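Read off the chains here:
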Amino acid sequence: MKKLFQRIDRIRTSGYATLNLKPSSPYYHLDGKRFKVSSIARPELKCRITLLVDGTEIDFTIDDIL
């Protein structure tokens, strides 16, 4: 849990997140790219993070982020 909170704090501090997606994801073509964070939900195990991808807000979970 401590590592999860550290990852969320790092994302909040920088304002950017790098995607780490599985090949089965519909957004796999964005894997490894860095995007601006629009919002972060309450820190929890499956925390929702909204990223701005080409001007569109897309939701990902903390598991999808490096």
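Preceding this section is the structure that the text describes.
The structure presented is a predicted model; accordingly, all values stated were derived computationally and were not measured.

Asks: Teacher, can you tell me more about the packing of aromatic side chains here?
Replies: Where two aromatic rings form a pair, the distance of their centres and the angle of their planes describe that pair. For the structure shown, the criterion picks out one aromatic pair. Between Tyr27 and Phe60, the aromatic rings sit 5.7 Å apart at their centres with planes inclined by 70 degrees, giving edge-to-face as the arrangement. Of this pair, Tyr27 sits in the loop between strand S1 (16-18) and strand S2 (34-40) while Phe60 sits in strand S4 (residues 56-61), and the two are 33 residues apart along the sequence. If you follow Lys36 out to its NZ or CZ, it ends over the ring of Tyr16, 5.6 Å from the centre.

Asks: Which parts of the structure should I look at to understand the sheet that holds strand S3 (residues 48-53)?
Replies: Within a sheet, adjacent strands bond to each other through the backbone by hydrogen bonds, running parallel or antiparallel. If you trace the four strands from one edge of the open sheet to the other, you get S1-S2-S3-S4, paired in antiparallel fashion. Every other strand in the sheet has two partners, leaving S1 and S4 as the edge strands with one partner each. On average, adjacent strands in this sheet sit at an angle of 45 degrees to one another, irrespective of strand direction. Contacting S1, S2 and S3, helix H1 (residues 2-14) crosses the sheet at an angle of about 105 degrees to S2.

Asks: What exactly am I supposed to notice about the nonpolar core here?
Replies: Core analysis: the biggest nonpolar cluster contains 18 residues, and Ile11, Leu19, Ile49, Leu51 and Ile65 have the highest contact counts within it. For this core, the secondary structure elements donating two or more residues are H1, S2, S3 and S4.

Conventions we followed
- Residues numbered from 1 in each chain as written.
- Predicted model: local features only at pLDDT ≥ 70, side-chain atom pairs only at ≥ 80, totals over all residues.
- Heavy atoms only, no water.
- Phe/Tyr/Trp six-rings, centres within 6.5 Å; stacked < 30°, edge-to-face > 60°.
- Helix = DSSP H or I, 4+ residues; strand = E, 2+ residues; numbered from the N terminus.
- Lys NZ or Arg CZ within 6 Å of the ring centre and 35° of its normal.
- Pairing = 2+ DSSP bridges.
- Axes fitted to C-alpha atoms, helices over the stretch in contact; angles between N-to-C directions.
- Contact = heavy atoms within 4.5 Å.
- Core = buried A, V, L, I, M, F, W, Y, C linked by side-chain atoms within 4.5 Å.
- Buried < 20%, exposed > 50% of the residue type's maximum accessible area, 1.4 Å probe, protein only.

No statement about biological role is implied by the geometric values presented.
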